[in-house]
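Here are the chains, one letter per residue:
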Amino acid sequence: MVVAGGVALAGCGNEAPAPTETMTVIQTASPTAAETPDLWTAVDPSALPRDVPILVERILRAELNSDGSSWRVMLQLNDAGADGYPLAVAALTAAGFAVDQEETDPTRPAWNYAELRSDDFQVTLDVSNETGEGFYADYVITARQ
């Protein structure tokens, strides 16, 4: 299924382990956005730009950058598998995105990368199964100024 937003965020299961007797926990102050200009915050997928089609099977993470104009989305492609990359590129080009660059590497046969753009957005797409545990897609979406 391809959507451009409005999907409930699935939990990613990346919670930190609970402290144990053998662990030392050190608490520090969180940096401010001014101290960390590349700060990402989890958002509901409905907050993603609707003009950017995203393959949706299982969204693991959707984030907004502190700059307010960049989003990251990571999802698992259980159903699409190896077809995930061509499906994602086809959805983006059908929505008016032009492919600026595509890469693959013969030493990494389960990896594909593309940079696409529209008048309003730049998208980098990385689809891989390098761990052998299934295909994952990473989108980085940036509003063009």
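These numbers were taken from a predicted model, which means no experiment stands behind them.

**Some points on the packing of aromatic side chains**
Inference 1: Scanning the model with the defined rule gives 2 aromatic pairs in all.
Inference 2: A centroid spacing of 6.3 Å and a plane angle of 65° characterise the contact between Trp-71 and Phe-121, whose relative ring orientation is edge-to-face. A residue pair is termed long-range when its members are at least 10 positions apart, and Trp-71 in strand S5 (residues 70-76) and Phe-121 in strand S8 (residues 121-128) qualify at 50 residues. Here Trp-71 and Phe-121 have matching classes, each one buried.
Inference 3: Between Trp-111 and Tyr-113 the ring centres are 6.3 Å apart and the planes differ by 15°, which places this aromatic pair in the stacked class. Comparing Trp-111 with Tyr-113, the two get one shared label, buried.
Inference 4: Positioned over the ring face of Trp-111 is Arg-108, at 4.2 Å from the centre of the ring.

**Things to note about the confidence of the model for the protein chain**
Inference 1: Here the protein chain averages 80 in pLDDT, and 74% of its residues register 70 or above.
Inference 2: In this model, residues 1-30 is a region of pLDDT below 50 whose contacts with residues beyond four sequence positions or in other chains number 42 contacts.

**Points about the sheet that holds strand S2 (residues 40-42)**
Inference 1: A sheet is described by the order of its strands in space; here 7 strands give the open sequence S2-S4-S5-S9-S8-S7-S6, paired in antiparallel fashion. The open sheet terminates on both sides in strands that have one partner only, identified here as S2 and strand S6 (98-105). Taking each pair of neighbouring strands and ignoring which way they run, the sheet shows an average axis angle of 20°.
Inference 2: Examined bridge by bridge, S5 and strand S9 (residues 136-143) share 7 bridges and lie antiparallel to one another.

**As for the pairing of S6**
Inference 1: Direction of pairing for S6 relative to strand S7 (residues 108-117): antiparallel, over a ladder of 7 bridges. What sits directly across from Glu-103, in S7, is Tyr-113.
Inference 2: Turn length for the S6-S7 hairpin, with the two strands adjacent in sequence and antiparallel, is 2 residues.

**Let's talk about the nonpolar core**
Inference 1: If you look at the biggest cluster of nonpolar residues, it comprises 27 residues, and the most contacted ones within it are Val-52, Ile-54, Leu-75, Leu-77, Leu-125, Tyr-139 and Ile-141.
Inference 2: Residue assignment for this core shows that the elements contributing at least two residues are strand S3 (54-55), S5, helix H1 (84-94), S7, S8 and S9.

**Some details on H1**
Inference 1: Among all positions in H1, only Gly-84, Tyr-85, Ala-88, Val-89, Ala-91 and Leu-92 are buried. For H1, the arc enclosing every buried residue in end-on projection is 160°, short of the 170-degree limit, so these residues lie on one face.
Inference 2: Looking one or two residues beyond H1, the residue adopting positive phi is Gly-96, at roughly 100°.

**Quick notes on the environment of Thr-41**
Inference 1: The topology assignment puts Thr-41 in strand S2.
Inference 2: The exposure class of Thr-41 is partly exposed, given its relative accessible area of 47%.
Inference 3: Separated by 25 residues in sequence, Thr-41 and Ser-66 place their C-alpha atoms 7.4 Å apart.
Inference 4: Not counting residues within four places of it along the chain, the set of residues in contact with Thr-41 comprises Ala-62, Glu-63 and Leu-64.

Analysis parameters
- Residues numbered from 1 in each chain as written.
- Predicted model: local features only at pLDDT ≥ 70, side-chain atom pairs only at ≥ 80, totals over all residues.
- Heavy atoms only, no water.
- Phe/Tyr/Trp six-rings, centres within 6.5 Å; stacked < 30°, edge-to-face > 60°.
- Helix = DSSP H or I, 4+ residues; strand = E, 2+ residues; numbered from the N terminus.
- Buried < 20%, exposed > 50% of the residue type's maximum accessible area, 1.4 Å probe, protein only.
- Lys NZ or Arg CZ within 6 Å of the ring centre and 35° of its normal.
- pLDDT = per-residue confidence, 0-100.
- Contact = heavy atoms within 4.5 Å.
- Pairing = 2+ DSSP bridges.
- Axes fitted to C-alpha atoms, helices over the stretch in contact; angles between N-to-C directions.
- Core = buried A, V, L, I, M, F, W, Y, C linked by side-chain atoms within 4.5 Å.
- Arc of directions from axis to C-beta.

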